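Letter by letter, the chains look like this.
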Amino acid sequence: MHPETRFGLESMLPPGRMVTSDEGDGDVQPLWLSDGPATAELWTRMHAEHTRSGLWPLLLDSLDPNDGGFRPWGSGEVFPEQMSSPANHDSASLLARWWDIYTAVDEDDMLDAGRRLAVTAPFGKTWPGLAPSRETTTNPDQLAAGFAQAFLADRPQTRLGLVAAASGAEALTAAGWAGPCNYDNDTAKFSAVVRDWEHRFGARVVAVGFSTLHLSVATPPAGEHEALLVAAEHFAFCPDNIWQGSRPYTLPAYAERITDAHRWDFWWD
């Protein structure tokens, strides 16, 4: 983000600073971070200004609310120069490849083949393909504003971040967020999937933590089959949602939880 980009917004912003990335020579500043907690009104105002400012607002959560360094954002643990471009990746191909990796069984697997494939039943090792998109009368941006308010009520220590990006999906890469690095250290791949969800489901990136991602969703899956397809996408995108989520650790149970749910949360261990 160039400093001159935000000058027109300075009267609207609380005290804050540009964050310098740990990588390189200390001249990369991928985001602006507020010094204090964000408000829902501020997030909504910045979201409305995005088309003019080019700055996408993110509610930024820290690894430990008691940590004065506000990791990873305040500590500069962001790595934009290590990322490729979301435009270089195809969502369907990524999800299919990840599905193959996470459903594979090898001799060192803690689960036997039957138990491993039971997690992703009824599909087993067979990638079912993408869920279809549906039309909606719900305004994705109004829904995102309501989610921002609810998120801040649960996590009042959350701060505001501003990132020069065309969308929330692209903001993840532009900010240098490395949350899923235990699975893949190129966030652009995850941005490509989220960008696809923006188009198919009216998803909006609202909040990001150290290794968590929170989306509002205007058109969630409505029926059992559709929910299973979306659950399969979520498993490929973030297998920890299933492996370390709520019991039972199966795709059908997870699908039931996301049916008609206007909020998608992801966490990578």
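Right above here is the structure, for reference.
The rules behind each value
- Residues numbered from 1 in each chain as written.
- Predicted model: local features only at pLDDT ≥ 70, side-chain atom pairs only at ≥ 80, totals over all residues.
- Heavy atoms only, no water.
- Helix = DSSP H or I, 4+ residues; strand = E, 2+ residues; numbered from the N terminus.
- Buried < 20%, exposed > 50% of the residue type's maximum accessible area, 1.4 Å probe, protein only.
- Contact = heavy atoms within 4.5 Å.
- Areas by Shrake-Rupley, 256 points an atom, 1.4 Å probe, with all protein chains shown as cover.
- Pairing = 2+ DSSP bridges.
- Axes fitted to C-alpha atoms, helices over the stretch in contact; angles between N-to-C directions.
- Parallel < 35°, antiparallel > 145°, perpendicular 65-115°, else oblique.
- Nonpolar A, V, L, I, M, F, W, Y, C, P; charged D, E, K, R; others polar.
- Core = buried A, V, L, I, M, F, W, Y, C linked by side-chain atoms within 4.5 Å.
- Disulfide = S-S within 2.5 Å.
- Phe/Tyr/Trp six-rings, centres within 6.5 Å; stacked < 30°, edge-to-face > 60°.
- Expected span 1.5 Å × (residues − 1).
- Left-handed = near helix turned anticlockwise from the far one by under 90°.

Trainee: Where do I start with the overall build of the protein chain in this structure?
Mentor: For the protein chain, the count of helices and strands is 9 helices and 7 strands. Taken along its principal axes, the extent of the C-alpha atoms in the protein chain is 60 × 45 × 35 Å. The buried share among the 269 residues of the protein chain stands at 53%. For the protein chain, the proportion of contacts with a sequence separation of at least 24, taken over those separated by at least 6, is 75%. Surface exposure of the protein chain reaches about 11,800 Å², of which carbon and sulfur atoms provide 49%.

Trainee: For this particular structure, what's the right way to read the pairing of strand β4 (residues 159-164)?
Mentor: Along any regular strand, the residues point their side chains to alternate faces of the sheet. Counting buried residues along β4, 5 of its 6 residues qualify, which places the element largely inside the surrounding structure. Pairing of strand β3 (residues 55-60) with β4 involves 6 bridges; the strand directions are antiparallel. Bridging from a neighbouring strand, L59 pairs with L160 of β4.

Trainee: Looking at this model, I keep getting lost on the environment of S167. Mind explaining?
Mentor: One can find S167 in the loop between β4 and α5 (168-174). Assessed through its relative accessible area of 11%, S167 is described here as buried. Along the backbone, S167 and W56 are 111 residues apart, and their C-alpha atoms lie at a distance of 6.5 Å. If we skip the residues at most four places from it in the chain, S167 touches H50, W56 and E198.

Trainee: Looking at this structure, I do not really get the packing of helix α7 (residues 224-237) against helix α9 (residues 251-258). What am I missing?
Mentor: Axis angle and axis distance: for two packed helices, these are the angle between their axes and the distance between the axes, and together they describe the pair. Two elements in contact, α7 and α9, have axes whose closest approach is 8 Å; the angle formed by their N-to-C orientations is 110°. Here α7 is positioned roughly perpendicular relative to α9, judged by the angle of their axes. Between α7, through A227, L228, V230, A231, A232, H234 and F235, and α9, the contact on the second element is made entirely by L251, P252, Y254, A255 and I258. Looking at the contact of α7 with α9 residue by residue, the classes come out as 11 nonpolar, 1 polar and no charged.

Trainee: Even after reading the chapter, I still don't get the nonpolar core, so can you show me in this structure?
Mentor: For soluble globular proteins, the rule of thumb is that nonpolar side chains tend to be buried together. The biggest cluster of nonpolar side chains holds 54 residues, and the ones touching the most others in it are W197, L213, F237 and F266. Considering every element that reaches this core, the biggest residue donor is α7, with 9 residues. Contacts of F237, omitting those with residues within four sequence positions, involve L95, W98, F190, V193, V194, W197, L213, F266 and W268. Listed in part, the 21 residues of the second largest apolar core include M18, L42, L59 and A207.

Trainee: Just to check I follow, could you spell out the state of the cysteines for this structure?
Mentor: Every disulfide links exactly two cysteines, by a covalent bond between their sulfur atoms. The full count for this structure, using the stated rule, is 0 disulfides. The thiol sulfur of C238 is not disulfide-bonded, and the nearest other cysteine sulfur, from C181, lies at 12 Å. With a relative accessible area of 0%, C238 lands in the buried category.

Trainee: Got a minute to help me understand the packing of aromatic side chains in this structure?
Mentor: Aromatic ring pairs are defined here through the distance separating the ring centres and the angle between the ring planes. Following the criterion strictly, the structure yields 19 aromatic pairs and no others. For the pair Y102 and F235, a centre-to-centre distance of 6.4 Å together with 90° between the ring planes defines the contact as edge-to-face. Taken together, the residues span a long stretch of sequence, with Y102 in helix α2 (residues 91-103) and F235 in helix α7 at a distance of 133 residues. Exposure class is identical for Y102 and F235. Each is buried. Relative to F266, the ring of W197 has its centre 5.6 Å away and its plane inclined at 20°; by these criteria the two rings are stacked. One end of the pair, W197, is in helix α6 (residues 187-201); the other, F266, is in strand β7 (residues 263-267), and 69 residues separate them in sequence. Note on W197: relative accessible area 0%, which makes it buried. For F266, a relative accessible area of 0% translates into the label buried.

Trainee: What is the right way to read α2 from this model?
Mentor: Side chains that are three or four residues apart share a direction in an α-helix, a result of its 3.6 residues per turn. Taking 1.5 Å as the rise per residue, α2 with 13 residues should run 18 Å; its terminal C-alpha atoms sit 18 Å apart, in good agreement. Listed in full, the buried residues belonging to α2 are S91, L94, L95, A96, W98, W99, Y102 and T103.

Trainee: I'm lost on the packing of helix α1 (residues 40-53) against helix α4 (residues 140-154) in this one. Help?
Mentor: Axis separation between α1 and α4 bottoms out at 9 Å; the angle between their running directions is 155°. Taken together, the axes of α1 and α4 are roughly antiparallel relative to one another. Here α1 runs over α4; the crossing is right-handed. Every residue of α4 that contacts α1 at A40, W43, T44 and H47 is listed here: D141, A144, A145, A148, Q149 and L152. Taken together, the residues of the contact of α1 with α4 break down into 6 nonpolar, 3 polar and 1 charged.

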